[in-house]
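# Per-entry structural report
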Amino acid sequence: MPDSSPSPAAPARPSAFRRHVWPLLLQNRVLIAGAVVLVGLSGGAVAVQNVFPKWLFSYVLDVEGVATAERWRRLAWLAAGYLVLTSIVRMMFWHVGYRLFTRAREQVIFALRGKFFRHVNHLCLRFHGAHSSGELFSYLFGSPLRAVMDFFQHATMNLPGSVVGVLVTLALFWQWDWVIASLLMVTAGFSVHMMMRARVRIEKIQKDFQRVEGDVSGQVADLLRGNKAVKLHAMETKVAQDFELQADMIRRKSYERDIYSHVEWIKQEGLTYVCYALLMAACTWRFLTGHIDLGVVAACLAAYLGLVGPLQGVFTAFTLWAGASAALERIGAVLDTATTTPDPAAPADAVPATRGPIALERVTFGYEPGRPVLRDVSLVIAPGERVAFVGPSGAGKTTITQLLLRLYDPQEGVVRIGDADLRSFSTRTLRRHFGVVPQDPFIFNTTLRDNLRVARPDADDAAIRRACEQANAWGFIAALPGGLDARVGEGGSMLSGGQRQRLAIARALLAATACFIFDEATSALDTLSEKLISEAIEHNLGDRTAIFIAHRLATVKHCDRIFVLSGGGIAQAGSYAELMAREGLFQDLVRGQQLRD
Ligand SMILES: Nc1ncnc2c1ncn2[C@@H]1O[C@H](COP(=O)(O)OP(=O)(O)OP(=O)(O)O)[C@@H](O)[C@H]1O
Ligand SMILES: [Mg+2]
């Protein structure tokens, strides 16, 4: 059975960075290149700033046979050069570079976030069944994208300056004394080697952290969403304890991550002090053997201190890259997940207007491998027919509708409309063919109007009102302050259960599609409302096909045919009268309800 798992990796597959981030960087290459050049120049300027004391020493103060006026003239040039360098190259380039970069960064993150959101939205219910909404939210606004953004920020804004700073300083050393320059290069190489080793470990810790954060976000979102149940069952203390456990997990992972990074940081800092001591010894030796003068000694020591910042910048780049690459691997795994209900390469334009019958041909389907819910089910629903699926809870009634809507594909057999396999349509085209009232209609946290327009975005208020009247919903909508503009709260929490159902019915009627599915659409309504709505639906349907699912069997009396599902198959089929005339499950179900009533 195909599962919504990452597609198997080809042998030489480019990294997630190459596939998902690089193209976005290329799109913003002018901005990024501009920022890197400006910030690089500004970093070089910082390195040069560090050597001004040497030039002050060598050209102004410690020179023989130069008149005082000439010394002041030289100082003026030196000071002017310093100010131009700092104000124009350092500050202005830095600021303009930062502007360019910030624009590019926000564009890249915007695009990556959008790509992730669109992809996740498009993924099948199998994927969504395995990933909670809280976890997916944490990808979009939690540490994975933040880690990528932090690295990108550092790589553009600090790294070029750091690298140029290191190179300029090394070049200056090289010009002053090749022995000291070589010593510094060897220690810089050693330092980079240590950073690379640390990066591997930090990447692993980051990956752990992000996984824990994703899991915890999912669980905490669930606890918050279930707040009403928490109150009803007086679970506040237990939930608070659960939350503390989750938060503690995050605390421990953050601690582990930050302490390890800090230890590596300390090691790097220790290395710079060792190098400084070596440098002092080397300078003394080279001075005593007459290879360098005091000015160079002072410059070497000052320039080395100026080198520490850029070297730390390089180290930071390594640690941030560890976080970003862990994040990209996780983001890439989601982006590389293929839907199990893919659109065909060349989808049929529209579900045919002639609307042939809907047919399940020898369909076997299970949500999990080896546990079929439907086994070898075949049935045909003629155009314009009213059919009902009834049967015990868990028999697979809703599952059949999910197959019709291609929320899942069967493992065996075919579902067709007319002659066409459902897989020949794009899922969008197919789903627009159906008006659905699901068993658990989802109400968005927005206005009533927006909730209704989900079915038909261009519907005007007159059409909305008509649909609401048919669904017996206009009365309560008109009574709400704001009417169609009233907001309904998260999950429609400001509406009653029956109001939510009527809203969902109005939504489906508004869609005015060729085929309707009503899954327990009136189960929360009183019998009078149910009767009114059923009549309105019947009136509205005309010659359109309709599928009803109901436990209250009296409500499906009017259907042309009733399929009784049980044990993974169709146990009985026929009209209400035919089924009542036979011994069997249907009769038992009806009698059971009559007794109860
Ligand atoms: N997303 C899912 N993942 C795994 N199993 C599922 C999923 N949805 C449903 N099932 C299982 O599939 C079986 C059929 O579920 P289905 O929702 O089709 O039942 P139903 O006939 O509509 O029941 P009810 O009358 O209670 O709504 C059940 O055993 C259920 O546990
Ligand atoms: Mg159901």
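Since the model is a prediction, treat every value here as computed from it, not as a measurement. (Residues numbered from 1 in each chain as written. Chains lettered and ligands numbered in written order. Predicted model: local features only at pLDDT ≥ 70, side-chain atom pairs only at ≥ 80, totals over all residues.)

Of regular secondary structure, the protein possesses 21 helices and 10 strands. Taking 2.2 N^0.38 as the reference for a compact globule, 597 residues should give roughly 25 Å; the C-alpha atoms of the protein span a radius of gyration of 35 Å, well beyond that estimate. When its C-alpha atoms are laid out on the principal axes, the protein stretches across 125 × 55 × 50 Å. The buried share of the protein, taken over its 597 residues, is 35%. (Helix = DSSP H or I, 4+ residues; strand = E, 2+ residues; numbered from the N terminus. Rg over C-alpha atoms; globule rule 2.2 N^0.38 Å. Buried ≥ 20, exposed ≤ 12 C-beta atoms within 10 Å, placed from the backbone.)

By the criterion of burial, strand 3 (residues 386-390) is predominantly enclosed, with five of the five residues buried. Burial along strand 3 is two-sided: R386, A388 and V390 facing one way and V387 and F389 facing the other are all buried. As defined by bridge partners, strand 3 adjoins strand 8 (residues 545-549) across four bridges and the pair is classed as parallel. From the neighbouring strand, A388 faces strand 8, where its bridge partner is F548. (Pairing = 2+ DSSP bridges.)

What follows covers the nonpolar core. One recurring pattern in soluble globular proteins: nonpolar side chains tend to sit buried together. By size, the foremost hydrophobic cluster in this structure holds 68 residues, and its most contacted members are A388, I505, A506, A508, L510 and F548. No other element matches the eight residues that helix 18 (residues 497-511) contributes to this core. Residue contacts for A388: discarding those within four places in its chain leaves F548, I549, A550, V556, C559 and I562. In terms of nonpolar packing, the next biggest core, distinct from the first, is built from 64 residues, V39, L112, A282 and I331 among them. (Core = buried A, V, L, I, M, F, W, Y, C linked by C-beta atoms within 7 Å. Contact = placed C-beta atoms within 7 Å.)

If you trace the four strands from one edge of the open sheet to the other, you get 2-1-4-5, paired in antiparallel fashion. At either margin of the open sheet sits one strand with a lone partner, and together these are strand 2 (374-381) and strand 5 (420-421). As judged from the five bridges shared by strand 1 (residues 358-365) and strand 4 (residues 412-417), these two strands associate in the antiparallel manner. Paired with L360 across the two strands is V415, which belongs to strand 4.

Let's shift gears to the site of ligand 1. Around ligand 1, a shell composed of G129, Y367, V373, S393, G394, A395, G396, K397, T398, T399 and Q439 is seen. When residues in the shell around ligand 1 are grouped by element, the largest group, three residues, is from helix 13 (residues 397-404). Looking at the shell around ligand 1 residue by residue, the class counts come to three nonpolar, seven polar and one charged. (Near = placed C-beta within 6 Å. Nonpolar A, V, L, I, M, F, W, Y, C, P; charged D, E, K, R; others polar.)

Glancing now at the confidence of the model for the protein. The share of residues in the protein with pLDDT of 70 or more is 96%, and the mean pLDDT across the chain is 86. Confidence drops under pLDDT 50 across residues 1-10; counting only partners more than four residues distant or on other chains, this segment forms 18 contacts. (pLDDT = per-residue confidence, 0-100.)

The next point concerns the sheet that holds strand 8. Through backbone hydrogen bonds, the strands of a sheet pair up, either in parallel or in antiparallel fashion. Spatial strand order, 6-7-8-3-9-10: six strands in an open sheet with mixed pairing. Both outer strands of the open sheet, strand 6 (434-437) and strand 10 (569-574), are each paired with one neighbouring strand and no more. Taking the axes of each pair of neighbouring strands and ignoring which way they run, one obtains an average angle of 15 degrees across the sheet. Relative to strand 7 (residues 515-519), strand 6 is paired through four bridges, and the arrangement is parallel. (Axes fitted to C-alpha atoms, helices over the stretch in contact; angles between N-to-C directions.)

Take the packing of helix 3 (residues 52-61) against helix 12 (residues 294-335) next. Their axes nearest at 8 Å, the elements helix 3 and helix 12 cross at an angle of 170 degrees. Classified by the interaxial angle, the pair formed by helix 3 and helix 12 is roughly antiparallel. Of helix 12, the residues touching helix 3 (which contributes P53, K54, F57 and S58) are G295, A298, A299 and A302. Its residues assigned to classes, the contact of helix 3 with helix 12 shows five nonpolar, two polar and one charged. (Parallel < 35°, antiparallel > 145°, perpendicular 65-115°, else oblique.)

A separate point is the environment of R126. Looking at the element boundaries, R126 is found in helix 5 (residues 125-130). Linking R126 and V363, residues 237 residues apart in sequence, is a C-alpha distance of 18 Å.

Turning our eyes to something else, we now look at unusual backbone geometry. With phi around 50 degrees, A234 is a residue other than glycine that occupies positive phi space. Mapped onto the elements, A234 comes out in the loop between helix 10 (227-232) and helix 11 (236-288). Non-glycine residue R362 carries a positive phi angle of around 45 degrees. Inspection of the secondary structure puts R362 in strand 1.

Here the focus is helix 8 (residues 159-176). Compared with an ideal rise of 1.5 Å per residue, which puts 18 residues at 26 Å, helix 8 spans 26 Å between its outermost C-alpha atoms and is within 8% of the ideal. Among the residues of helix 8, those classed as buried are L159, P160, G161, S162, V164, G165, V166, V168, T169, L172, F173 and W176. Residues of helix 8 that are buried in the fold lie against helix 2 (29-50), helix 7 (143-157), helix 9 (178-225) and helix 12. (Expected span 1.5 Å × (residues − 1).)

Before going further, it helps to spend a moment on the packing of helix 1 (residues 16-27) against helix 12. Two elements in contact, helix 1 and helix 12, have axes whose closest approach is 9 Å; the angle formed by their N-to-C orientations is 85 degrees. Judged by the angle between their axes, helix 1 and helix 12 are roughly perpendicular. Of the residues in helix 12, those in contact with A16, F17, R19, H20 and V21 of helix 1 are L328, E329, I331, G332 and L335.

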